[in-house]
Amino acid sequence: MILQSYCLPRKVVETVEIEWAWEDISDAGFHQLVNNFCNYCQENAGTDTRATSLFATLHLWNKSTGRIQLKAVLIDAQQADKLIGRLLHAVNKELDFSYRVERKKLGWLEFALNPFPDIFSGEKGSFKVKDAFLLEPYTPDQVRVLHHYLTMASTVPGGFIGLATYGGQVNTVAPGATASFQRTAILTTACVAGWINPDQEKQHMEWVRNCYKDLFAQTGGVPVPGKQSGGCLIAHPDKDLADAGSNTSGIAWHWLYYQDNYQRLQWLKQMGPA
């Protein structure tokens, strides 16, 4: 028997990091940067977007870190220059401060085993994530909340807000086809706090809970599904949603996660394995 070996093409992932210095960013510049990213997400959330092969997250780090970063992953090598060019143009629109760009090409497995080492490596600690789907960009009032919590005199340097692109093919699935109901979101967002020393838990939890509550103050401290917000991601379960002190919306936690799919999920669980 003759065995033939085939040389499969090497799967390449390109990462892109854009970085701005906090010291260069005015209040107006911060608002413009956040708006630019939200608008980019809105323009590229449809199923016909040219950016289906690009995923990006805007990391609004606490001002004490000295930087704001955007990290992107791209898998379409042929369209890389074009897609990255569009991204750079979109997020820096009308900004009068400079930025740094770094691009790297990695093998798929290499990236999968060690993605963005500056975030996912190092000493391990605890963290709290409170997230939401957005169907429309942040409002000016919400951007002011973000700016306040990131620039306030605080002992919580581990607190940050993330915004991530969403949409494309995921929005082609019917809301009732899977447990995940939300199929019209343009981005996901999260308030995050992380700490290593257990003694710091209280202040970090207070920061992230207050930030989230103020961010969605108009809807009872949580992202009630409606015109702008689309509920929460079950990937980061948040027991605060079941607490009447944190969630004053009158909307049950399960509606924020599953909406119309909750009763069917209950039925399926009661049915048990076939």
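So, here is what we can say about the structure in this document. What you see is a predicted model; the values in this text were computed from it and never measured. (Residues numbered from 1 in each chain as written. Predicted model: local features only at pLDDT ≥ 70, side-chain atom pairs only at ≥ 80, totals over all residues. Heavy atoms only, no water.)

Quick notes on the state of the cysteines
Now for step 1: Tallying each qualifying case throughout the model produces 0 disulfides.
Now for step 2: Cys-191 forms no disulfide, and the closest cysteine sulfur to it belongs to Cys-211, at a distance of 3.7 Å.
Now for step 3: Among the residues examined, Cys-211 registers a relative accessible area of 0% and is labelled buried. (Disulfide = S-S within 2.5 Å. Buried < 20%, exposed > 50% of the residue type's maximum accessible area, 1.4 Å probe, protein only.)

With respect to the nonpolar core
Now for step 1: Among the nonpolar cores identified, the biggest contains 60 residues, and Trp-20, Phe-30, Leu-60, Leu-70, Tyr-138 and Ile-161 are the most heavily contacted of them.
Now for step 2: Leu-60 has contacts with Phe-30, Val-34, Ile-68, Leu-146, Leu-150, Phe-160, Ile-161 and Leu-163, leaving out every residue within four places of it along the chain. (Core = buried A, V, L, I, M, F, W, Y, C linked by side-chain atoms within 4.5 Å. Contact = heavy atoms within 4.5 Å.)

A word on the pattern of salt bridges
Two side chains carrying opposite charge are able to pair once their charged atoms lie near each other.
Now for step 1: Summed over the entire model, instances satisfying the criterion amount to 14 salt bridges.
Now for step 2: Two residues, Asp-240 and Lys-128, come together in a salt bridge whose shortest N-O distance is 3.9 Å. Of this pair, Asp-240 sits in the loop between helix 6 (201-215) and helix 7 (253-258) while Lys-128 sits in strand 5 (residues 126-134), and the two are 112 residues apart along the sequence. With respect to class, Asp-240 is no different from Lys-128; both count as buried. (Salt bridge = Lys/Arg side-chain N within 4 Å of Asp/Glu carboxyl O. Helix = DSSP H or I, 4+ residues; strand = E, 2+ residues; numbered from the N terminus.)

Things to note about the environment of Trp-255
Now for step 1: The residue Trp-255 is located in helix 7 in this model.
Now for step 2: With relative accessibility at 32%, the residue Trp-255 sits in the partly exposed group.
Now for step 3: In this view, Trp-255 contacts Pro-225 and Asp-260; residues no more than four positions away in its chain are not counted.

Observations concerning helix 5 (residues 140-151)
Now for step 1: A rise of 1.5 Å per residue sets the reference length of helix 5, with its 12 residues, at 16 Å; its end C-alpha atoms lie 17 Å apart and thus fit the reference within 8%.
Now for step 2: Its buried side turned inward, helix 5 meets helix 1 (27-43), strand 2 (54-61), strand 6 (160-165) and helix 6. (Expected span 1.5 Å × (residues − 1).)

A word on the environment of His-204
Now for step 1: Along the polypeptide, His-204 turns up in helix 6.
Now for step 2: Considering only alpha carbons, one finds His-204 and Trp-267, 63 residues apart in sequence, at a separation of 38 Å.
Now for step 3: A polar contact is formed between the side chain of His-204 and the backbone oxygen of Gly-194, at a distance of 3.4 Å. (Polar contact = N/O pair within 3.5 Å; in protein donor to acceptor, adjacent residues only side chain to side chain.)

Some words on the packing of aromatic side chains
Now for step 1: By the definition in use, this model includes 10 aromatic pairs.
Now for step 2: Ring centres 6.3 Å apart and planes at 65° place the aromatic pair Trp-253 and Tyr-257 in the edge-to-face group. Taken together, the positions of Trp-253 and Tyr-257, both in helix 7 and 4 residues apart, correspond to about one turn of that helix.
Now for step 3: A relative accessible area of 34% means that Trp-253 is categorised as partly exposed.
Now for step 4: An aromatic cluster of three or more residues is present, and its members are Trp-253, Tyr-257, Tyr-258 and Tyr-262. (Phe/Tyr/Trp six-rings, centres within 6.5 Å; stacked < 30°, edge-to-face > 60°.)

Concerning the sheet that holds strand 2
Now for step 1: Ordered by their spatial adjacency, 7 strands build an open sheet running 4-1-3-2-6-7-5, and the pairing between neighbours is antiparallel. Two strands lie at the open edges of the sheet, namely strand 4 (100-107) and strand 5, each paired on one side alone. Direction aside, the axes of adjacent strands within the sheet are offset by 20° on average.
Now for step 2: Direction of pairing for strand 2 relative to strand 3 (residues 67-74): antiparallel, over a ladder of 6 bridges. In the strand pairing of strand 3, His-59 is matched with Gln-69. (Pairing = 2+ DSSP bridges. Axes fitted to C-alpha atoms, helices over the stretch in contact; angles between N-to-C directions.)

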